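# A closer look at the structure
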Amino acid sequence: MNYLNVYIKIVNNSKNKDRNGYLELHHVVPKCVFGENLLNEDDLVNVNQDSNLVYLTAREPFICHWLLHRAFPKNKKLGLAFWAMAGMVNSDQKRYTPSSRAIAEARVAANNARKIAILQYNLEGNFIREFKSLN
């Protein structure tokens, strides 16, 4: 499955629909990866310009962050953004409540995003081995 194409379809469909009810403002190119040229930023000068903002229903922002995480699984920032979306609640509970499977995947994404590589060198400065950290 091409997760990025599905993400783009959701975003483009939201631009073409007349929506009402509970909506959330979503950045098409997320703030956390703006400037990294992960997504098409050709016409963007600022992450908050109108062409980069869309209104999505309660469920769609969560799905979009999930898709972006799956499209770029090694990007730590998108993994943490996905985890943040999985744990968000608001006072009037209009926000989408994800499934336990989605929360579990978000937890793994957040744990992987927090890991750093531990490099081992000998006394002469030659690389020996790489270890993954626990946190």
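Now for a quick tour of the structure. Predicted model, so just to flag it, every value in this text is computed and none were measured.

Moving on, we get to the nonpolar core. Core analysis: the largest hydrophobic core is formed by 24 residues, its most contacted members being Tyr 7, Ile 10, Phe 62, Ile 63, Trp 66, Leu 68 and Phe 82. When contributions to this core are tallied by element, the ones reaching two or more residues are helix 1 (3-16), strand 2 (53-56), helix 2 (60-71), helix 3 (76-87) and helix 4 (100-114). Per element, the largest residue contribution to this core is six residues, and it comes from helix 2.

This part is about the packing of aromatic side chains. For any two aromatic rings, the description comes down to two numbers: the centre-to-centre distance and the angle of the planes. As enumerated under the stated definition, the model contains four aromatic pairs in all. On the basis of an interplanar angle of 70° and a centroid distance of 5.8 Å, the ring pair of Tyr 121 and Phe 127 is categorised as edge-to-face. You can call Tyr 121 partly exposed: its relative accessible area is 47%. Members of the aromatic cluster, each reached through a chain of ring pairs, are Phe 62, Trp 66 and Phe 82.

Take the side chain of His 27 next. Mapped onto the fold, His 27 is located in strand 1 (residues 24-27). A polar contact of 2.7 Å, which involves the side chain of His 27, links it to the side chain of Asn 48. With near-sequence residues (within four places) excluded, His 27 lies in contact with Tyr 7, Val 47, Asn 48, Asn 52 and Leu 53.

Quick look at the pattern of salt bridges now. Tallied over the full model, the rule gives two salt bridges. Its salt-bridge partner being Lys 77, residue Glu 36 comes within 2.7 Å of it at the nearest N-O pair. Placement of the pair is Glu 36 in the loop between strand 1 and strand 2 and Lys 77 in helix 3, with a sequence separation of 41 residues. On the basis of relative accessibility, which here comes to 35%, the residue Glu 36 falls in the partly exposed class. Here Lys 77 falls in the partly exposed class, since its relative accessible area comes to 42%. A salt bridge links Glu 105 to Arg 70, with the nearest nitrogen and oxygen atoms 2.7 Å apart. Pair noted here: Glu 105 is in helix 4 and Arg 70 is in helix 2, with a separation of 35 residues, a long-range link. For Arg 70, a relative accessible area of 32% corresponds to the partly exposed category.

Scoring rules and cut-offs
Residues numbered from 1 in each chain as written. Predicted model: local features only at pLDDT ≥ 70, side-chain atom pairs only at ≥ 80, totals over all residues. Heavy atoms only, no water. Core = buried A, V, L, I, M, F, W, Y, C linked by side-chain atoms within 4.5 Å. Buried < 20%, exposed > 50% of the residue type's maximum accessible area, 1.4 Å probe, protein only. Helix = DSSP H or I, 4+ residues; strand = E, 2+ residues; numbered from the N terminus. Phe/Tyr/Trp six-rings, centres within 6.5 Å; stacked < 30°, edge-to-face > 60°. Polar contact = N/O pair within 3.5 Å; in protein donor to acceptor, adjacent residues only side chain to side chain. Contact = heavy atoms within 4.5 Å. Salt bridge = Lys/Arg side-chain N within 4 Å of Asp/Glu carboxyl O.

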